[in-house]
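Structural overview for review
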Amino acid sequence: MVETKPHAAHWGSFDAVVENGRVVAVRPFAHDPHPGALIHSVPDAVHSRVRIDRPYVRAGWLKGERRGSLRGSDAFVPVSWDHAVRLVAEETARVRGEFGHDAILGGSYGWSSAGRFHHARSQLQRFLGLGGGFTTQVTNYSYGAGMTLMPHILGTNEPIQGHVTDWPSIARHTRLMLCFGGLPLKNALVTAGGAGAHEYVPWLRQVAGAGVRFVNISPFRGDTPDFLEAEWVPIRPNTDTALILGMAHAILAAGLEDHGFLASHCVGWDKLRPYILGETDGTPKTPEWAAAITEVPAGTIRRLALEAAGVPSMLTATWSTQRAENGEQPWWMLVALAAMLGGIGKPGQGVVFGYGSINGMGTPRVDLPSVSMPGTRNPGGVAIPVARVTELLERPGEVLQYNGRDITLPDIRMIWWAGGNPFHHHQDLNRLLRGWCRADTVVVQEPWWTAPARHADIVLPATTTLERNDIGSSSHDRFVRAMHQAIPPQAQARNDHDMLADMAEALGFRDRFTEQRNEDAWLRHLYDRWCAACGRMGFEAPDFDRFWAEGYVETPKPDREFVLFSDFARDAEAHPLNTPSGKVEIFSETIAGFGYEEIGGHPAWRAPREYLGAEKAAQWPLHLLSYQPATRLHGQLDQGRVAAADKIQGREPILMSPQDAVARGLSDGDVVRIFNERGACLGGLRISEGIRPGVVAMATGAWWDPAGDGLDRHGNPNVLTQDVGTSRLGQGCSAQSCLVQVERFDAALPPVAVTEPPAIAEAAA
Ligand SMILES: Nc1nc2c(c(=O)[nH]1)N[C@H]1C(S)=C(S)[C@@H](COP(=O)(O)OP(=O)(O)OC[C@H]3O[C@@H](n4cnc5c(=O)[nH]c(N)nc54)[C@H](O)[C@@H]3O)O[C@H]1N2
Ligand SMILES: Nc1nc2c(c(=O)[nH]1)N[C@H]1C(S)=C(S)[C@@H](COP(=O)(O)OP(=O)(O)OC[C@H]3O[C@@H](n4cnc5c(=O)[nH]c(N)nc54)[C@H](O)[C@@H]3O)O[C@H]1N2
Ligand SMILES: [Mo]
C-alpha cells in the first residue's frame, strides 16, 4: 500500500511516500516556490546502514574504564533498553552526588532535527534542568562573535537573526549591494526549524531584475549565482576589515561622509576618524595600504567606496566573515561604514548580516511567534560560550574571560549530547578528542553512528522525525507544518522524549518531566499556546484538528515594506537604540573598559595568526576555507545520495585554483592529503577558476573517519582548523582562520570506514 504523509525538515517540507513501512521517495511541498534537492536524501538517511539499531555500551566502560580512557577504539556491547536506562540514571546520580550538577556538560549544542516538540537538545536540557542543573553552552557557532558584539554597538541582534530590511525594500530603493562573502545559493537551502517555502531565489531574481548592481567580495566567485552578474572582487580571506577601512579612507578623502548622521545618530566618530587617517598610529588606512593586505587593487577599493557613497547602497556580510580570529572587527567596521554613508534605517540602505547565510532573511513577513517549547530553567548552572568547549574540558578550575566576565571552568565528569555533533562542529578535533577522553562518562543520543556516537560510552538510539509526530515552525518562514509520523520506529530506536521520561522515572521526576502529557497532548498544547499568542497579535489560526488534517497553516503576508531601524533613523531622540548612548557606538566605552588588548574601543585592523599575510604562510601557504555544504546540512544527510554524488573517490571535494594545482603537479580528480601541524585529512581535488589562488575550500560535514594514525580518510576540515576564540569579547569559533598545505596522496587509498557501523561485541551476559 502506498501512502503519503506531510512532513518538514530543516532542508524543506515534503510529502513522504511510504510503501510497506519504508519511506521510498519524497515529493516537495506544493506551496514551496523553489524546493531544494536535499529532501531527496531523506529516504537514504532514514533507512541507512549506519542507523543505530539498539542501545550499546562501550566494552571498556563496562569493565570500569572511566576518566582518561581512549574512547573510539574498543567495541560496543549491546544492552537492553532497561539496562541502558538504569546505567545512565545511576551514573547521573553518582556524578551529581560526588561532583555537583556543574560536572555534567549538557549544553549539547547542535541543530537536532526540525520539529519543535521532539527537538532533542531542548528535551535533554529540560531533563537535566529539572534534574538539578548542568553546565550549558551559550551563543552559537554561526555568529557567536557577531551576537556578542552587536548589542554593544547597535543594541540588538536584529540585524543578524531578526526582522531585517526586506527584499521588496531592496528591489525598490537599493542601487548597489556590496556583499562580503557574496549571496551564496546553497545556504538558503535550509531554515532552522523547518522550511516551508524557499523564497530566496525568486526574490534574488526580482531584485536583480529591478536593476540592483551586486558586488561579490569573496575569495570564491561561486558565492554569487551567475544570474546576479555580480562583479567579483577576489579578496584574501580574513582581510575584510582592511578593505572596509580603505574604503572609509577614500570616502573621507573625498569628503563624502554623512556629517549629519555621524553627529546625530552615532557616538565615537571622533575616535575612529583619526585612526582611519593614521593620526593615532602613524598609518593612514589608504586604499593603497588596504591593497597590500587584501590584494584587492587600490583603484578597485577607491571606486567601490565612491560608488557606495554616490548611490543608495545596502551593505551585507555573510556570517562566515566573523567566524575567524578577530571576527568582531569586520562587522564592527561595516557598521561604521554604513554610519559614514548615513544609510542605517533608510529604505534599501544600511547594513544587514546574513542575507546570504540562511533561507528567510529578507523574506517579507509579519511578526508572529513560532511554535515553541516552554523554556527550561537551569538552576545555578555554569554557561560557557559554546565554542570554548575544548578549553572547558582541558582547564578545570581555570578562568575563561568572556565579554567582560570571568567564568571559572567546572570539572566536567559527564558529557551528554543529544541533537548535535561536536566532531562535526568543533575546531581542531584531535585536541577536542583529548579533552573528551578526560570525562568519566559520555552519553550520546543519536539516530546514526556519527562520530560522537562512536566516541561515547553509552549510545542510545533515537528515532528520526519520520518515526514520530511533530510540528515544524520557524520565525523565518510563513508556513507552520504538520509533521505526520510516516513509519514505525526503526529497530529499537526510541524518541528522545520517551527515553528521557524513563530516566526521569528512575530518578523520581517523571511527572514533572512529561507534565503527564503524551505526544498528542504535547502537540495540542504547543499548538494552542501558539494560536493564543497569534490571536493576541491579530492572526486567527485554525484549530489543531484542522491544522493537522490540512497539513499546514499559512500566516499572512505583510502589506508594506519593512526597513530595520527606520524609527531610529527618523528620530534618534524619540527612538533610541538599546546601547548605553542610545546611538550607534562606533566607539564603545563598555568594550574599551574590558581592557582586552586584542579588541579596543573602536574597530581596527588586527592581523590573525593564520592568514596569507602571516609569517606562518611561508610554511603553510594555502588558506583553507571550510564553508557550509551544498550537499547536506552540516553532518546531516551525509549518508544521502546528494552528498555521495558530489564526492570524489568517496572523499569530500576540495576546490583549488589551476595555478596552485599546477605548482603541486595535481590533476582534477586526484585524492590529496591536506595537512598542517594540527592534523591531516584526505580530499578529492576539484580544480576551479572560481577560487582565488592561495585559497582552497572544502565544505564541512563529511563524517569524521580517523584511521589509527590519525589521518581522517573522509575529508572533515575540522581536523585542520584552529581552535582559538575570535577574541575575549565574543569567544566565537575561528574556523575560517586556517593555513594548510596540500599534496597528492600516493599511498594505497584507505577505504572510508565511517559508512559502516563500528565493531560490535558479544551481548553481555
Ligand atoms: N570548520 C567549520 N566548522 C564549522 C562551521 C564552519 O563554517 N566551518 N560551521 C559551524 C556552524 S555555523 C554550525 S551551526 C555547526 C553545526 O554543527 P551541528 O549542529 O552540531 O551539526 P549537525 O550535523 O547538524 O548535528 C546535529 C546532530 O543531531 C543528530 N540528530 C538529528 N535529529 C536528531 C534527533 O531527533 N535526536 C537525536 N538524539 N539526534 C538527532 C544528527 O544526526 C546530527 O548528528 O558547525 C560549525 N562548525
Ligand atoms: N546547504 C546548507 N545550507 C546551510 C547550512 C548547511 O550546512 N548546508 N548551514 C546553515 C548554518 S548553521 C549557517 S550558520 C549558515 C552559515 O552561513 P555562512 O556563514 O554565510 O556560510 P559559509 O558557507 O560558511 O560562508 C559563505 C561564504 O563566505 C566566504 N568567505 C569565507 N571566509 C571569508 C572571508 O574571510 N572574507 C570574505 N569576504 N568571504 C569569506 C566563503 O567563500 C563562503 O562560501 O548556513 C546555513 N545554511
Ligand atoms: Mo550555524
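Residues numbered from 1 in each chain as written. Chains lettered and ligands numbered in written order. Predicted model: local features only at pLDDT ≥ 70, side-chain atom pairs only at ≥ 80, totals over all residues. Heavy atoms only, no water.

- Within an unreviewed UniProt entry, the label attached to the chain reads Molybdopterin-dependent oxidoreductase, and the organism entered is Roseomonas marmotae.
- Word for word, the UniProt comment on the chain under Sequence similarities (unreviewed entry) is "Belongs to the prokaryotic molybdopterin-containing oxidoreductase family."
- Its UniProt record, at the heading Cofactor (unreviewed entry), says of the chain: "Mo-bis(molybdopterin guanine dinucleotide)". (UniProt positions renumbered as here; feature names shortened; annotations may be inferred.)

**Re the site of ligand 2**
- Residues in close proximity to ligand 2 total 30 residues, the closest being Lys186, Asp223, Ser320, Arg323 and Ser357.
- Between ligand 2 and the protein, one listed contact pairs a nitrogen atom with a backbone N or O atom of Gly181 at 3.4 Å.
- One nitrogen or oxygen atom from the main chain of Trp319 is found 3.5 Å from an oxygen atom belonging to ligand 2.
- Taken together, the residues of the shell around ligand 2 break down into 13 nonpolar, 12 polar and 5 charged. (Near = heavy atom within 4 Å. Polar contact = N/O pair within 3.5 Å; in protein donor to acceptor, adjacent residues only side chain to side chain. Nonpolar A, V, L, I, M, F, W, Y, C, P; charged D, E, K, R; others polar.)

**Let's talk about the site of ligand 1**
- Lining the immediate surroundings of ligand 1 are 34 residues, of which Ser113, His425, Glu446, Asp496 and Asn718 lie closest.
- Within the side chain of Ser626, one N or O atom sits 2.8 Å away from a nitrogen atom of ligand 1.
- Interatomic distance of 2.8 Å between a side-chain N/O atom of Gln636 and an oxygen atom of ligand 1.
- With the chains in place, 98% of the 920 Å² that ligand 1 exposes on its own is no longer accessible.
- Secondary structure elements with two or more residues in the shell around ligand 1: α16 (422-425) and β18 (441-446).
- Residues that form the shell around ligand 1 fall into these classes: 8 nonpolar, 22 polar and 4 charged. (Areas by Shrake-Rupley, 256 points an atom, 1.4 Å probe, with all protein chains shown as cover. Helix = DSSP H or I, 4+ residues; strand = E, 2+ residues; numbered from the N terminus.)

**Quick notes on the UniProt feature "domain: Molybdopterin oxidoreductase N-terminal" (unreviewed entry) in the chain**
- Taking the numbering used here, the UniProt-annotated feature "domain: Molybdopterin oxidoreductase N-terminal" (unreviewed entry) corresponds to residues 7-47.
- This span, residues 7-47, is 12% helix and 44% strand, and a straight line between its end C-alpha atoms measures 17 Å.

**Regarding the side chain of Thr174**
- Inspection of the secondary structure puts Thr174 in the loop between α7 (167-173) and β8 (176-180).
- Overall, Thr174 belongs to the buried group, its relative accessible area being 0%.
- A polar contact of 2.7 Å, which involves the side chain of Thr174, links it to the backbone oxygen of Gly348.
- With near-sequence residues (within four places) excluded, Thr174 lies in contact with Ser169, Val212, Pro312, Ser313, Met314 and Gly348. (Buried < 20%, exposed > 50% of the residue type's maximum accessible area, 1.4 Å probe, protein only. Contact = heavy atoms within 4.5 Å.)

**A word on the sheet that holds strand β9 (residues 213-217)**
- With respect to topology, 5 strands assemble into an open sheet ordered β10-β9-β8-β12-β13, the strand pairing being parallel. Each of the sheet's edge strands pairs with one partner strand only, and the pair in question is β10 (231-233) and β13 (350-353). Neighbour-to-neighbour, the strand axes of this sheet turn through a mean angle of 20 degrees, independent of strand direction.
- Alignment of β8 against strand β12 (residues 313-317), held across 5 bridges, turns out to be parallel. Along β12, the bridge assignment pairs Phe180 with Ala317. (Pairing = 2+ DSSP bridges. Axes fitted to C-alpha atoms, helices over the stretch in contact; angles between N-to-C directions.)

**Observations regarding helix α3 (residues 81-99)**
- With 19 residues, α3 extends 27 Å from end C-alpha to end C-alpha; this agrees with the ideal 27 Å at 1.5 Å per step.
- Where α3 is concerned, the buried positions are Trp81, Ala84, Val85, Leu87, Val88, Ala89, Glu91, Thr92, Val95 and Arg96.
- Positive phi appears at Gly100, one or two residues downstream of α3, with a value of about 95 degrees. (Expected span 1.5 Å × (residues − 1).)

**Quick word on empty space enclosed by the protein**
- All chains considered together, the criterion is met by 6 cavities of 30 Å³ or more.
- A volume near 120 Å³ is recorded for the largest cavity.
- Lining the largest cavity are 13 residues, and of these Leu368, Ser474, Ser475, Asp477 and Thr555 lie nearest its centre.
- A class-by-class count of the residues in the lining of the largest cavity yields 5 nonpolar, 5 polar and 3 charged.
- In terms of lining, the second largest cavity is formed by 13 residues, of which the most central are Asn238, Thr241, Glu325, Asn326 and Pro330.
- The class makeup of the residues in the lining of the second largest cavity is 4 nonpolar, 6 polar and 3 charged. (1 Å grid on protein atoms, 1.4 Å probe; cavity = no way out; pocket = protein on both sides within 12 Å on 5 of 7 lines; lining within 4 Å. Points joined across faces, edges and corners; volume = space filled by probe spheres on them.)

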